[in-house]
Structure formats: structure tokens, C-alpha cells
Amino acid sequence: MTEPSAGIMFAEEAPLIARRTGQGSTALVVLPGFLDDATVWTVFADLIAGAGIDVVQFEPAGVGGRVNASGPFTLRRMAEDASAVVDSLGKPCVILGQSMGAQVAELVAASRGDAVRGLILLTPVPLAGTRLPDLDIAPFRALGGNPEAQRAVRSQLTVAPSAQTVDLQLAAGTRIPPAVVSALADAWNEGDPAGEEPSRFQGPVLIVRGAGDAFVTDDLLQQVTPRFNESAMAVIDRAGHWPHTEQPEALAETVLPFVIQAAARATSRL
């Protein structure tokens, strides 16, 4: 079952929930990464919802249906909005964030205690940020309003990209105002001070990367995995930085057992 856009709203903005699919006692809340909006999760969400999970597609400020939202466009602001969604659901959740969304997902999981029963970090940017120097982060800041540059980045970081996959994400990225793109690039690059310490989230964590991801490499993951007490690793073959659009079926098969186990833990505590 797919519900219309609904959820918590600010007076001047669209809903924080862009789409909600399926039913279940546990919700999977999915958070998009840099240059993406909630629409990039739709195929994956339908696959997970078919297994009886309540899938909630979160829309960050400045993108998609919230493209006219006011700032600030920071990790903490995104985490506050996503935490409000978790609070509104009234059921145990698993949080899944991709790339920059993984930074936000950890902040949400750490702040919501027992409400979050599991955390999935998909091609994650370290919470402490990548700390790229100005010369290296400048091209990412300049991607707003430049569809050809965005297409080049998508193609470079996607394994055997299909036109449909790239076009889907370009449709999301080209709608984002250049000033918002620049602010979001700074957000994931600078990170959050909480990333300098062991994670405050003590529940189970699944870290997933694409086998062909040229951005989130094994070296970068070494800044992520040691911060968690209870983590597992999975790799999606024939995928780059966006497995949820490149290989949605394979990603669904990979994360579904983790989500089902989290749902079972939630049920046992009722």
C-alpha cells in the first residue's frame, strides 16, 4: 500500500515524508545522499515493502518536494528533521542512510535511543567528514545548476550506468538550487564533531558498499567501521556509489534479513 505524501510539516514547507509504502510493525526510514531526493529510493522501497516492512522515504530540506525550504542546510538540521519523522511514526525503526545520508542516519540513531533498533550505512561518508581541501571540494560545490557536470560525476561513480539510472538521479540533482548544493557539499565534507569519537549508537550496524565505488573506498571505510561496537559488512557486486539505484534488487536482498531481525527484536520487547 502506498500512502500519499503525509507527515510532519513546517508551515512554509512540504511534508518531511515524501512517500510511505507498505505496512509492518517496524519502519525502515531511508535518507538520501548528496544531490538526491526521496524519489531515488522508490524501486528499492517497493521491494522492501513487499516483504511487509513499513518504508518511509524522508525528504531533506532544500531538495525534491522541499526545494523551497529555508536553511540552514546542515547535517544537524537534517538530523533534527529526520528525528521528528522517527518520533511521529510511533513504532520501532531501522534507519538507512546513503553517503551524506549515512552521516545524518547515525546522528538520528544516536539521538533516539531504543526507538532505533538498527542502523544501515550505505556507501557511507564518515561522520567526521572527508575534510577535502578547498581545491578538491570546490568542484562538488559547483555542481548545482550544472547538469553536464552532474552527469559526469554520476557516470564516473556508477558501474555500467544505464541511461535510466543516471536520468533518475539527474532529475533529482538538477532541481536543487546551486546555493543549497554548495552548502550540502560543505556539510558532508566538514562532517560533525561526534564523528571524532566512538559512535553513541550502541545497536547493530550494517555497513554496505558498492564493489566498484571509487569514492567510498576501503581506506575511507576505515574511518567508519572502527567507531561501532556491533557492525557487519556487505558488498554489492556490479554497483558503485548508488547501489539502491544501480542494483536495487541485490541491495534489498542484502538488507532485508537485517531489517527482519530488527523487527523480531522489536516484537520481543513488546
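Now for a look at the structure at hand. (Residues numbered from 1 in each chain as written. Predicted model: local features only at pLDDT ≥ 70, side-chain atom pairs only at ≥ 80, totals over all residues. Heavy atoms only, no water.)

### Quick look at helix 2 (residues 75–89)
We apply this condition: We count a stretch as a helix when DSSP gives it H or I for four or more residues in a row; a strand needs E for two or more, and each element gets its number in order from the N terminus. The length a helix should cover is 1.5 Å for every residue beyond the first. The rule is simple: take the accessible area with a 1.4 Å probe, protein chains only, and divide by the maximum for that residue type; under 20% is buried, over 50% is exposed, in between is partly exposed. We call two residues in contact whenever any of their non-hydrogen atoms come within 4.5 Å of each other.
Here helix 2 contains 15 residues, and its C-alpha end-to-end distance of 21 Å stays within 8% of the 21 Å for a straight helix at 1.5 Å per residue. Of all the positions in helix 2, only Leu75, Arg77, Met78, Ala79, Asp81, Ala82, Ser83, Val85, Val86 and Leu89 are classed as buried. Residues of helix 2 that are buried in the fold lie against strand 2 (17–21), strand 3 (27–31), strand 4 (54–58), strand 5 (93–98), helix 3 (100–111) and helix 7 (178–190). Two residues or fewer past helix 2, Gly90 is found with a positive phi of approximately 70°.

### Focus on the nonpolar core
Note the threshold: For this analysis, a nonpolar core means a set of buried residues of the types Ala, Val, Leu, Ile, Met, Phe, Trp, Tyr and Cys, connected via side-chain atoms within 4.5 Å.
Ranked by internal contacts, the top residues of the largest apolar core, which has 55 residues, are Phe34, Ile95 and Leu119. Sequence-distant contacts of Leu119, that is, excluding residues within four places in its chain, are made with Val94, Ile95, Ala105, Glu106, Ala109, Phe201, Pro204, Val205, Leu206, Phe228 and Phe258. Membership of the second largest hydrophobic core comes to 27 residues, among which are Leu251, Val255, Phe258 and Val259.

### Structural notes on the packing of helix 4 (residues 134–141) against helix 7
Condition: Where helices are involved, their axes are fitted lines through C-alpha atoms of the stretch in contact, as for all axes, and angles between N-to-C directions lie from 0 to 180°. Note that the term roughly parallel is reserved for angles under 35 degrees, roughly antiparallel for angles over 145, roughly perpendicular for angles of 65 to 115, and oblique for everything else. Here is the rule for handedness: rotate from the far helix to the near one, and if that takes an anticlockwise turn smaller than a right angle the crossing is left-handed, while a clockwise turn gives right-handed.
Closest axis-to-axis distance for the helix 4/helix 7 pair is 8 Å, and the angle between their directions is 140°. The orientation of helix 4 with respect to helix 7, classified from their angle, is oblique. For the crossing formed where helix 4 meets helix 7, the hand is right-handed. Contacts between helix 4 and helix 7 involve Ile137, Phe140 and Arg141 on the former and, on the latter, Pro178, Val181, Ser182, Ala185, Asp186, Trp188 and Asn189.

### Regarding the environment of Ala142
Assignment of secondary structure puts Ala142 in the loop between helix 4 and helix 5 (147–156). With a relative accessible area of 47%, Ala142 lands in the partly exposed category. Residues Ala142 and Leu184, spaced 42 residues apart in sequence, show a C-alpha to C-alpha distance of 11 Å.

### Notes on the side chain of His241
Let me state the cut-off plainly: Counting of polar contacts relies on pairs of N or O atoms within 3.5 Å, with two restrictions inside protein: one atom must be capable of donating a hydrogen and the other of accepting it, and residues adjacent in sequence are counted only when both atoms are side-chain atoms.
Turning to its location among the elements, His241 is positioned in the loop between strand 8 (231–236) and helix 9 (243–246). Within the structure, His241 has its side chain in polar contact with the side chain of Asp213 (distance 2.9 Å). If we skip the residues at most four places from it in the chain, His241 touches Gln98, Ser99, Thr123, Leu157, Asp213, Phe215, Val216 and Glu246.

### A closer look at the environment of Ile17
With respect to the helices and strands, Ile17 occurs in strand 2. The sequence separation of Ile17 and Ala82 amounts to 65 residues, and the corresponding C-alpha distance is 9.0 Å.

### Here's the deal with the packing of helix 5 against helix 6 (residues 163–173)
Closest axis-to-axis distance for the helix 5/helix 6 pair is 10 Å, and the angle between their directions is 135°. As far as their axial angle goes, helix 6 and helix 5 are oblique. As helix 5 packs across helix 6, the resulting crossing turns out to be right-handed. Facing helix 5, whose interface residues are Pro147, Gln150, Arg151 and Arg154, helix 6 presents Val166, Asp167, Gln169, Leu170 and Gly173.

### Regarding the pairing of strand 7 (residues 205–210)
Here is the rule we go by: Strand pairing requires that DSSP identify at least two bridges connecting the strands.
Among the six residues of strand 7, six are classified as buried, and the element is accordingly described as predominantly covered. Burial along strand 7 is two-sided: the residues Val205, Ile207 and Arg209 and Leu206, Val208 and Gly210 are all buried. Judged from the six bridges that link them, strand 7 and strand 8 form a sheet pairing that is parallel. Across the sheet, residue Leu206 finds its bridge partner in strand 8, namely Ala232.

### A closer look at the packing of aromatic side chains
To keep things clear, this is the line we draw: By convention, a stacked pair of Phe, Tyr or Trp rings (six-membered ring in the case of Trp) has centres within 6.5 Å and planes under 30 degrees apart, an edge-to-face pair has planes over 60 apart, and any other such pair is tilted.
Applying the stated rule across the entire model yields five aromatic pairs. Seen from their ring centres, Phe34 and Trp188 are 5.7 Å apart, and the 65° between their planes marks the pair as edge-to-face. One end of the pair, Phe34, is in the loop between strand 3 and helix 1 (42–49); the other, Trp188, is in helix 7, and 154 residues separate them in sequence. Across the pair, exposure class does not vary: Phe34 and Trp188 are buried alike. Ring centres 5.3 Å apart and planes at 85° place the aromatic pair Phe140 and Trp188 in the edge-to-face group. Of this pair, Phe140 sits in helix 4 while Trp188 sits in helix 7; the two residues are 48 residues apart in sequence, bridging distant segments of the chain.

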